[in-house]
Amino acid sequence: MDAFGQRALVDGMSTLQRAQEAVAHNLANATSPGFKRRATFVQAQSFQELLGAAQRSDPSLSASLDWQQGDLEPTGERTHLAVEGDGFLVVETPNGQRALSRGGQVTFGADGTLRLLNGAQLIGTNGQPVRVDTSYQLEIGSNGQISQPGRNGQSDVGSLSIVQHQDRGSLRSIGAGLYELPNGELDSDLRTAGPSVALRQGYLERSNVDVMSEMVRMISVQRGFEASSRALTTMGQFHESFASSFDR
């Protein structure tokens, strides 16, 4: 039975260590615009042990992105974009991969393409990178429509692709504020965003990390780890004492 207890404690400590890493990652990105915290929870998995058909509960850690929207902070910068609601901008990464983004600071490529600071190009409703005339002011409507007042000819220059995903839990963060689709490509789970989603020019979405809550989680995890460590030490000492009594 002591082997059972020791394994349970070791597994529990490993789980707590990974939970601590997730909390530390959240805290490190608390000021990163648009960052989504990693939410962790313990789930039980059944497994067969040496005690025949007895079922034990082996705690393992599952992590998912917390999609709660961060506060939208007005910056007044025309090159700042934020998505209000549960939508995403469609982008193309420097390696040609299609991904999703919640917005950020926009820059202009040498060819006039709209890009985020991570290098991803913003994709239009026509499925192609959006290009503008960098000589004129950029206006982006809540529906993603882009116009450049004063530009010779037609002022409308295209529209950004704003979408919603039916299963956000299947999206994986690939860093730099980008999210990878399950199959790596745009799929049937994507649909054009509805009226509940709007693009805000001159805003940035703040991280949804509550620093105080994460600090409380960190303390709780640390205490749990320390308690498990003490219990493991005590169990080992008891085992040694019990074994030595038979050697006398």
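All of these numbers come straight from a predicted model, not from anything done at the bench.

### Digging into the overall build of the protein chain
Next, step 1: On a plain count of helices and strands, the protein chain comes out with two helices and 18 strands.
Next, step 2: Evaluated residue by residue, the protein chain yields a buried proportion of 37% over its 248 residues.
Next, step 3: Taking the contacts inside the protein chain whose residues are at least 6 apart along the sequence as the reference set, 61% of them involve residues at least 24 apart.
Next, step 4: Element-wise, carbon and sulfur atoms account for 49% of the exposed surface of the protein chain, whose accessible area totals about 13,800 Å².

### Section: the packing of aromatic side chains
Next, step 1: Per the counting criterion, the structure on display carries three aromatic pairs.
Next, step 2: For the ring pair W67 and F88, a centre distance of 5.4 Å and an interplane angle of 90° mean the geometry is edge-to-face. In this pair, W67 sits in the loop between strand 2 (55-65) and strand 3 (72-74) while F88 sits in strand 5 (residues 87-92), placing the two residues 21 residues apart along the sequence.
Next, step 3: For W67, a relative accessible area of 12% corresponds to the buried category.
Next, step 4: Seen in terms of ring centroids, F88 and Y179 are 6.1 Å apart; in terms of plane orientation they differ by 65°. Their pairing is edge-to-face. Here F88 is found in strand 5, whereas its partner Y179 is found in strand 15 (residues 178-180), with 91 residues between them in sequence.

### As for the pairing of strand 6 (residues 98-101)
Next, step 1: In this sheet, strand 6 lies alongside strand 5 in antiparallel orientation, the contact comprising four bridges. In the strand pairing of strand 6, L89 is matched with S101.
Next, step 2: Between strand 5 and the antiparallel strand that follows it, strand 6, lie five residues; G96 among them carries a positive phi value of about 90°.
Next, step 3: Of the strand pairs in this sheet, strand 6 and strand 15 are connected by two bridges, and their pairing is antiparallel. Along strand 15, the bridge assignment pairs S101 with L178.

### A few points about the pattern of salt bridges
Next, step 1: All told, the structure shown has 10 salt bridges when counted by the stated rule.
Next, step 2: Of the charged contacts, one joins D66 and R37 as a salt bridge, the two residues approaching to 3.4 Å between their closest N and O atoms. Of this pair, D66 sits in the loop between strand 2 and strand 3 while R37 sits in the loop between helix 1 (2-28) and strand 1 (38-48), and the two are 29 residues apart along the sequence.
Next, step 3: Exposure remark for R37: the relative accessible area of 11% places this residue in the buried category.
Next, step 4: A salt bridge links R98 to E92; its shortest N-O distance comes to 3.0 Å.
Next, step 5: Beyond isolated ion pairs, a larger network of salt bridges with shared partners links R37, D66, E214 and R217.

### As for the nonpolar core
Next, step 1: Residues L114, L122, I146, L160 and L199 are the most contacted members of the largest nonpolar core, which totals 21 residues.
Next, step 2: Among the secondary structure elements, those contributing two or more residues to this core are strand 4 (80-84), strand 5 and strand 8 (114-116).
Next, step 3: When sequence neighbours within four positions are dropped, the list of residues in contact with L199 reads L81, A82, V83, L89, I140, G141, S142, G144, L160 and I162.
Next, step 4: With 11 residues, the next largest nonpolar core counts W67, L100, I123 and Y179 among its residues.

### Concerning the sheet that holds strand 12 (residues 156-159)
Next, step 1: Across the sheet, which stays open at both edges, the three strands sit in the order 10-11-12 with antiparallel pairing between neighbours. In this open sheet, the two edge strands, each paired with only one partner strand, are strand 10 (139-140) and strand 12.
Next, step 2: Here strand 11 (residues 145-147) runs beside strand 12; their pairing, made up of three bridges, is antiparallel. Note on strand 12: the bridge partner recorded for I146 is G158.

### A short note on unusual backbone geometry
Next, step 1: One non-glycine residue, A176, adopts positive backbone phi at about 60°.
Next, step 2: With respect to the helices and strands, the residue A176 is situated in the loop between strand 14 (172-175) and strand 15.

### Re the side chain of E205
Next, step 1: Mapping E205 onto the fold places it in strand 18 (residues 203-205).
Next, step 2: Using a relative accessible area of 2% as the deciding quantity, one classes E205 as buried.
Next, step 3: Engagement of the side chain of E205 in a polar contact is seen with the backbone nitrogen of G70, the distance being 2.9 Å.
Next, step 4: Discounting chain neighbours no more than four positions away, the residues touching E205 are P33, G34, K36, Q69, G70, D71, L72, A82, V83 and R102.

Rules behind the numbers
Starting afresh in each chain, residues are numbered from 1 along the sequence in its written order. Reporting of local features is limited, given that this is a predicted model, to residues whose pLDDT is at least 70; pairs of side-chain atoms are given and counted only at 80 or more, and all residues count toward the totals for whole chains, interfaces and linings. Working from all heavy atoms in the structure, the side-chain values ignore hydrogens and water. Helical segments are the DSSP runs of H or I of at least four residues, strand segments are the runs of E of at least two, and each set is numbered from the N terminus. Under the scheme applied here, a residue whose accessible area is under 20% of the maximum for its type counts as buried, over 50% as exposed, and between as partly exposed, the area being computed with a 1.4 Å probe on protein chains only. The criterion used for residue contact is that any of the two residues' heavy atoms lie within 4.5 Å. All accessible areas in this document rest on Shrake-Rupley with a 1.4 Å probe, and a residue is counted as covered only by the protein chains that are shown. Two rings from Phe, Tyr or Trp (for Trp, the six-membered ring) form a pair when their centres are within 6.5 Å of each other. A pair whose planes differ by under 30 degrees is stacked, one over 60 is edge-to-face, and the rest are tilted. In short, DSSP must find at least two bridges between two strands for them to pair. Each reported salt bridge corresponds to a side-chain nitrogen of Lys or Arg within 4 Å of a carboxyl oxygen of Asp or Glu. By convention a nonpolar core is built from buried Ala, Val, Leu, Ile, Met, Phe, Trp, Tyr and Cys residues, the set being connected through side-chain atoms within 4.5 Å. Whenever two N or O atoms come within 3.5 Å, that pair is a polar contact, provided that in protein one can donate a hydrogen and the other can accept it, and provided that, for residues adjacent in sequence, both atoms are side-chain atoms.

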